[in-house]
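One-letter residues, chain by chain:
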Amino acid sequence: MSADIGKKIDQLRKELREHNYNYYVLDNATISDFDFDILLTELQKLEDENPKYFDAHSPTQRVGGEVTKSFETVTHKSRMYSLDNSYSIEDLQDWEKRVQKILGVDQIEFTCELKYDGASINLSYEQGKLIKAVTRGDGFQGDDVTTNIKTIKSIPLVLSDLFFDAFEIRGEIILPLDGFNKMNEERVEAGEDPYRNPRNTASGSLKLQDSAEVAKRPLDCLLYHIVAERLPFGSHFESLNKARQVGFKVPEAIQVCENLEEVRSFIDHWDKARHDLPYETDGVVVKVNNLHQQDELGYTAKSPRWAIAYKFKAEQESTVLNKITYQVGRTGAITPVANLEPVLLAGTIVKRASLHNADQIEKFDIRIEDTVFVEKGGEIIPKVVGVDLSKRPKHSVPTKYIIHCPDCNTLLVRKEGDAKHYCLNEFGCPTQITGRIQHYISRKAMDIDGLGAETVDLLFKEKLIFNYADLYDLREEQIIPLERMAEKSAKNMIAGIAKSKEIPFEKVLFALGIRFVGETVAKKLARHYKSMDRIMNASFEDLTNVDEIGDRIAQSIVDFSNDLGNIQLIDRLKNYGVQLEVSAESQENQTNKLQGKVFVVSGVFTIMSRNELKKSIEDNGGKVSSSISKKTSYIIAGENMGPSKRTKAESLQIPLISEMEYIEMLK
Ligand code: AMP
Ligand code: ZN
C-alpha cells in the first residue's frame, strides 16, 4: 500500500516537472493551468498525508512560504568575475589582437550571446538536484538565496539527466517586461510608486524575506556558463547546448562567429531586434568559443580575458535643468521632478524627468542650471542619470532637499528602509485630500460623470468638500456661482454624483483609496467578505487567510478600519446609499464555474457588451487577461477580432469560442 503511494507520488512529481519544463523553459504548454493545479493539489495532499515522502525538490516546494530573516554568506568555489566592456568595433578589434597575441593564432572562433540585464546567480547541482543558489555578491562571496530561487519555475530542481555528478551553472535572474509592467500597473492602482526598472526589481526580489512573495513575481532565469572540473566539451557553444538538453533555459540567440565581421552582424541585428525581446538586454557578450583557449587565456584581476561585453548605446541626451519641483502623491509620498529645457529623446519631447528621491539627487550632486543627462530605458518616465560637470556654472550651489511638505508645510518624515520622504498630514494636506477625492471619482472607481480633477480642486478651494463623502452633500445652488460653472454643469455634476450610488461594492472598495488595495485586491476582498462591515471587522489573521492577501495589504486594511475618521466616512457613505455590500442580485449571479480559467475577450459582440462579458467571467470566478499567452484557457472571439491575435491564438493552439458558446459554458 505504502509503496503504491510512493510510486504515485513519484509519478505525479515527474509529470508535473515535465509540464513545468514545457511551459516555463520551452514556452510550450502541454496542460492547462487548471489541470496543472489539480495535479499539484493531488500531490500536495498525498505529501501532507504521507510526510515520510517529503522531498525538498518536489514541485510542491515551488510555492514558497519559507521566511529567511538573514541570508547566509557563502564563499564561491570559483570566483564570479565581471566583464570588460567595449563600446565600438574598434574596441573589439583591440581585444581580438590581445587574444591572438596570447594564443599565438590568427583565427579565433567566437560565440555571441545577448547580455541579459538582471542579477547574476550561481546554481550548484549535485546528483542532478539543485543544492544551492548564491548571488554574485562581491565575486568572492555571495548570499545563499536558495529558498527564493526554488520558486522560479524555469529553474529545474531536478534534472532530466545527471549531466555531471557535481557542477555549477551561472546565469542571470531577470524580470521579463510584461510581468514587470503588470506588477507596476497594480502598484500604481494601489497608490504605490512604480518600480524603477526590471533589473533592480529582479535583484531586489532575490532578497525578499518571504519566499511566497518571490513566488508571485514572474521571475525567469537565463543561463550562460557552466563551471565543472574537466568539462568533456570542446567548446562553450557545445556546453550550453548540452545544458539546454538537460533542462536549463539557455536562450536560442547564441551564435558561433568565425570572425569579427560576423560578430558585427550579430550586434547590428540585435541592436534593432532587442526592442522586440520580452526582456531587457543592454549589450552582447562575445566569448572565445574554444574551452582550451579559454583556459589558456585565463583571467585578469577583474574579468576573464576570453570574454568581453559590447554595450549598446542607451538612448540618452543632455539638457539644462531649470527647476526642481516636488510632487505630493495621494499617499503623501514626495517625488522630486526635474523641469528640463525641452529635448528630443527617443522620438518624444521630454520636459520633465524623475529624480526619484533625495539620495539620488545627492548621489549625482544634481544642481539647478546643471546640464544633465537624461535617459529613457525600460522605465515609464525618463530619468536623470548624471551631470555634465564641465558645463556647471561657477555660482551653482548644492541642492537642498525640502524638509517641509510643499503643500501643507508639515515636516516631512522618512521611514526606515524607505527611500522616499512622506507628508504624514493625511487629512490636512491639500494634495492628499484632493488626490483621494480624484481617485474616488476616477473612471475605474466611482466613474462620476460631470466632475473632473480640476473641479475637485476648485470645490476644495471653495471649502465645499474635504472628503469624498462631502460630494453627496453638494447642492446645485452652491455650485452655480463658481467660476466656469453654470446651471447645466451643476445639474450634470449632481446627477453624476447621485448615480454613483449604483456603483457596485467592489468598485466602491477600490475607490476608497485604501493603501495597497488596487482593483484586483478590491475584487478579491469583495467576493470574499461581501460587505464593508465585515471587512472592517476582520482581524489581521483573518485577512491574511484570504487568497492573495499578504501581510502588507492586511495591515493596511486594519489601519484603515481602526481610524475613527474613516469609520465616520464609511458611515456617512452608507447613509447616502452608496453600495457598501455586494448586492443580492450580483451574489446570485456569482458562481465558481470558471475558477482557474483565464479568458481573453477580443472583437465586437452582439448579446453582451465587452464589459458585461468581462464582468460575467469574473462573477463566475474566472480571470480576464488582456493578452494571449500560454496561460490563456479560451479566447472569446467576436466580430473583427484582430488578425495578430488570431495568429497568436492559432500558434499557441488556444481554443476560440463564440459568445454563444461562452453562455452555454455557464449553464
Ligand atoms: P558587469 O556587471 O557589467 O560587469 O557585467 C558582468 C555580468 O554580466 C556578469 O556577472 C553576468 O551576470 C552578466 N551577464 C549577462 N549576460 C551574460 C552572458 N550572456 N554571458 C556572461 N555574462 C552575462
Ligand atoms: Zn502635506
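Residues numbered from 1 in each chain as written. Chains lettered and ligands numbered in written order. Predicted model: local features only at pLDDT ≥ 70, side-chain atom pairs only at ≥ 80, totals over all residues. Heavy atoms only, no water.

This next bit is on the overall build of the protein. A tally of regular secondary structure across the protein gives 25 helices and 20 strands. For the protein, the C-alpha radius of gyration of 28 Å lies close to 26 Å, the compact-globule estimate for 667 residues. The principal-axis extents of the C-alpha atoms in the protein amount to approximately 90 × 85 × 50 Å. Per-residue burial over the protein gives 49% buried out of 667 residues. Sequence separation of at least 24 residues holds for 68% of the intrachain contacts in the protein that already meet a minimum separation of 6. For the protein, the accessible area works out to roughly 33,600 Å², and carbon and sulfur atoms hold 50% of it. Of the side chains in the protein, 88 bear a positive and 103 a negative charge, and the two mean positions are spaced by 2 Å. (Helix = DSSP H or I, 4+ residues; strand = E, 2+ residues; numbered from the N terminus. Rg over C-alpha atoms; globule rule 2.2 N^0.38 Å. Buried < 20%, exposed > 50% of the residue type's maximum accessible area, 1.4 Å probe, protein only. Contact = heavy atoms within 4.5 Å. Areas by Shrake-Rupley, 256 points an atom, 1.4 Å probe, with all protein chains shown as cover. Lys, Arg positive; Asp, Glu negative; His and termini not counted. Charge placed at Lys NZ, Arg CZ, Asp CG, Glu CD.)

The coordination sphere of the zinc ion (ligand 2) contains the protein donors Cys405 (SG), Cys408 (SG), Cys423 (SG) and Cys429 (SG), at a distance range of 2.2 to 2.4 Å. In this structure, the zinc ion (ligand 2) is coordinated by four donor atoms arranged in tetrahedral fashion, with angles at the metal of 98 to 115°. Between the donor residues of the zinc ion (ligand 2), the gaps in sequence give the motif C-x2-C-x14-C-x5-C. Taken individually, Cys405 and Cys408 each receive the classification buried, so the pair is uniform in this respect. (Donors = N, O, S within 2.8 Å, 3.2 Å for Na, K, Ca; no water. Tetrahedral: all angles 85-135°; square planar, octahedral: opposite > 155°, others 65-115°.)

What follows deals with the pattern of salt bridges. Applying the stated criterion to the full structure yields 35 salt bridges. When the shortest N-O distance is used, the salt bridge between Glu168 and Arg170 registers 3.7 Å. The exposure class assigned to Arg170 is buried, which follows from its relative accessible area of 7%. Where Glu186 meets Lys182, a salt bridge forms, and the shortest distance between an N and an O atom there is 3.8 Å. Placement of the pair is Glu186 and Lys182 together in helix 5 (residues 177–189), with a separation of four residues, close to one helical turn. (Salt bridge = Lys/Arg side-chain N within 4 Å of Asp/Glu carboxyl O.)

We now examine the site of ligand 1. Surrounding ligand 1, one finds 13 residues, the nearest of these being Glu113, Arg136, Glu172, Tyr224 and Lys287. For ligand 1, an oxygen atom lies 2.5 Å from a polar atom in the side chain of Glu172. In the model, a nitrogen atom of ligand 1 is placed 2.9 Å from a nitrogen or oxygen of the Lys287 side chain. When ligand 1 is considered free in solution it has 490 Å² of accessible area, and contact with the protein chains removes 86% of it. Every element with two or more residues in the shell around ligand 1 is listed here: strand 3 (110–116) and strand 10 (281–288). At four residues, the largest contribution of residues to the shell around ligand 1 is made by strand 3. Of the residues belonging to the shell around ligand 1, the class tally is six nonpolar, two polar and five charged. (Near = heavy atom within 4 Å. Polar contact = N/O pair within 3.5 Å; in protein donor to acceptor, adjacent residues only side chain to side chain. Nonpolar A, V, L, I, M, F, W, Y, C, P; charged D, E, K, R; others polar.)

As a further point, take the sheet that holds strand 4 (residues 119–126). The strand order across the open sheet built from four strands is 5-4-7-8, with neighbouring strands paired in antiparallel fashion. Because the sheet does not close on itself, it has two edges, and the strands there are strand 5 (129–135) and strand 8 (220–227). Strand-to-strand, the axes of this sheet are offset by a mean angle of 30°, without reference to chain direction. Sheet analysis places strand 7 (residues 166–174) next to strand 8, joined by seven bridges and oriented antiparallel. (Pairing = 2+ DSSP bridges. Axes fitted to C-alpha atoms, helices over the stretch in contact; angles between N-to-C directions.)

Okay, the sheet that holds strand 9 (residues 254–257) next. Spatial strand order, 2-11-10-3-9: five strands in an open sheet with mixed pairing. Edge positions in the open sheet fall to strand 2 (85–86) and strand 9, since each of these has one partner strand only. The strands touched by helix 9 (residues 260–273) within the sheet are strand 3, strand 9, strand 10 and strand 11 (307–311), with strand 3 carrying the most contacts at an inclination of about 25°.

Next up on the list: the confidence of the model for the protein. The pLDDT averaged across the protein works out to 91; a share of 99% of its residues lies at or above 70. Ranking the helices and strands of the protein by mean pLDDT puts strand 3 first, with 97, and helix 22 (residues 584–589) last, with 79. (pLDDT = per-residue confidence, 0-100.)

Here strand 12 (residues 315–328) pairs with strand 15 (residues 371–376) via six bridges, running antiparallel. Note that in strand 15 the partner of Glu317 across the bridge is Val374. Looking at chain direction, strand 15 and strand 16 (residues 383–387) are connected through four bridges and run antiparallel. Of the residues in strand 16, the one forming a bridge with Val372 is Val387.

A word on the pairing of strand 10. The element strand 10 is extensively covered by neighbouring structure, given that eight of its eight residues are classed as buried. Direction of pairing for strand 3 relative to strand 10: antiparallel, over a ladder of seven bridges. Across the sheet, the residue bridging to Glu113 is Val285, located in strand 10. Bridge analysis of strand 10 against strand 11 gives five bridges, and the strand direction is antiparallel. Residue pairing across strands places Val286 opposite Ile308, the latter belonging to strand 11.

Attention now moves to the nonpolar core. The biggest cluster of nonpolar side chains holds 58 residues, and the ones touching the most others in it are Tyr440, Leu471, Leu525 and Met532. For this core, the elements supplying multiple residues, two or more each, are helix 12 (430–441), helix 13 (453–461), helix 15 (487–499), helix 16 (505–511), helix 17 (519–529), helix 18 (532–537), helix 20 (551–562) and helix 21 (564–576). Residue contributions to this core reach at least three from each of two domains, namely domain 3 (430–502) and domain 4 (505–587). Apart from residues lying up to four places away in sequence, Tyr440 is in contact with Ala445, Met446, Ile448, Tyr468, Leu471, Tyr472, Ala511, Leu573 and Val578. (Core = buried A, V, L, I, M, F, W, Y, C linked by side-chain atoms within 4.5 Å. Domains from an automatic or database assignment.)

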